[in-house]
Amino acid sequence: MVEIKMNTIENSRKNTAIVTGGAGFIGSHLATSLAERGYHVIIIDDLSSGKEENISALVKAGRAEFVRGSITDEGLLSKTFDNARYVFHLAAMASVPLSVAEPMACHEINATGTLKVLKAARDTGVRKVVSISSCAIYGDTDTVPIQETTLPKPQSPYAVSKLTGEQYCRVFNSLYNLATVSIRFFNIYGPGQNPDSQYSAVIPLFIKRVLAGNPPVILGDGEQTRDFIFVKDAVEACILAAETDATGEYNVGSGISTTVNELAGQIIRLSGRDVKPEYREERPGDIRYSYADISRLKKIGFTLRYPLEEGLKQVFESMKQ
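Residues numbered from 1 in each chain as written. Predicted model: local features only at pLDDT ≥ 70, side-chain atom pairs only at ≥ 80, totals over all residues. Heavy atoms only, no water.

### Considering the packing of aromatic side chains
Next up, step 1: For the structure on display, the rule yields six aromatic pairs.
Next up, step 2: Taken together through their ring pairs, the aromatic side chains of Y39, Y86 and F88 make up a single cluster. (Phe/Tyr/Trp six-rings, centres within 6.5 Å; stacked < 30°, edge-to-face > 60°.)

### Regarding the pattern of salt bridges
Next up, step 1: Under the counting rule described, the total for this entry stands at twelve salt bridges.
Next up, step 2: Salt-bridge contacts for D233 lead to R305; the nearest nitrogen and oxygen are separated by 3.7 Å. Here the residue D233 occupies a position in helix α9 (residues 231-243), and R305 occupies one in the loop between α11 (295-298) and α12 (308-320), the gap between them amounting to 72 residues.
Next up, step 3: What makes D233 buried here is its relative accessible area of 0%.
Next up, step 4: Ionic contacts of the salt-bridge type, sharing partners, join the residues R37, E236 and E243 into one network. (Salt bridge = Lys/Arg side-chain N within 4 Å of Asp/Glu carboxyl O. Helix = DSSP H or I, 4+ residues; strand = E, 2+ residues; numbered from the N terminus. Buried < 20%, exposed > 50% of the residue type's maximum accessible area, 1.4 Å probe, protein only.)

### Observations concerning a nonpolar patch on the surface
Next up, step 1: A grouping of V171, L175 and Y176 is seen on the molecular surface, where their side chains present a nonpolar patch of about 280 Å² in accessible area.
Next up, step 2: Along the polypeptide, V171 turns up in helix α7 (residues 157-176).
Next up, step 3: Judged by its relative accessible area of 38%, V171 falls in the partly exposed class. (Patch = residues over 30% accessible without salt bridge, like charges linked within 9 Å, V, L, I, M, F, W, Y side chains within 5 Å. Areas by Shrake-Rupley, 256 points an atom, 1.4 Å probe, with all protein chains shown as cover.)

### Side note on the environment of A64
Next up, step 1: Secondary-structure assignment places A64 in strand β3 (residues 64-68).
Next up, step 2: According to the relative accessible area criterion, A64 is buried, its value standing at 6%.
Next up, step 3: For the pair formed by A64 and V217, sequence separation is 153 residues and the distance between their alpha carbons is 38 Å.

### Some thoughts on the nonpolar core
Note on soluble globular proteins: their nonpolar side chains tend to be buried together.
Next up, step 1: If you look at the biggest cluster of nonpolar residues, it comprises 49 residues, and the most contacted ones within it are L30, L34, V41, F88, I183 and F185.
Next up, step 2: Elements with a minimum of two residues in this core: β1 (16-20), α2 (25-36), β2 (40-45), β4 (86-89), β5 (128-134), β6 (179-185), α9 and β11 (248-252).
Next up, step 3: With sequence-adjacent residues up to four places away left out, F88 is seen in contact with A17, I18, V19, T20, L30, L34, V130, C238, I239 and A242. (Core = buried A, V, L, I, M, F, W, Y, C linked by side-chain atoms within 4.5 Å. Contact = heavy atoms within 4.5 Å.)

Structure follows, in structure tokens:
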């Protein structure tokens, strides 16, 4: 009887993936991709920034379970993680400006929250935690493209909290033998990204304004560089990190440098509108130059499938609808 029970647990563990923050923009795309691959998906989200509508079709179809709750609730984490194989940890305060306004809340959610996720994963026998970090940990650097070995220079509470989470991942990997990967996302974009928040990412903000016949608003001179990666490519990188023997830190970007001026130009051309960018004062805490060296990511099998123009076309179509 003991052998049968253990086999049942192991079979369940092979097929169960947790996605914290799974009702958010990236998390809902990840949950969908995992379900399509045959995983039993459990989404944890407190809906502070995520939306239940992002996952309602997935849940109604029986392809995922939704647990409403916070990653700061240790009891809920332990109960939900039981028998899971992978934990994809995306739940976070994801805004640099908001972290500047509320640094204590940012630390509690991003740093302490990650520690609680790791502890629950260790205690319940999870095989691997893929924790989402950020390129913001690098800050301003004179060396681009940015490699994983680049010295971190965080310039915001958000960046500090993400770097702290990475260090906890390292410690749990070495001290408790819990396999961990820290994914350093660069600039993710794609269908379903919220254009209505004051903290929204640049691409949905630009597209929303241009579709309404208004100029895209550029903060600063527009010559700051970013690395834009389509959400489906970002999700593929996360799943590769889980399913391979990867551990440690990985940049996840396109490996291509794009200025904000170039981005605005592409969006205006795709829209067919006769508008020109409007320039305003840059935000505190924003970095100047940023794009990824993704050599390490390619070594575990990653291939970029969506160049910027193709991704932008898909976002345009989704926002028009």
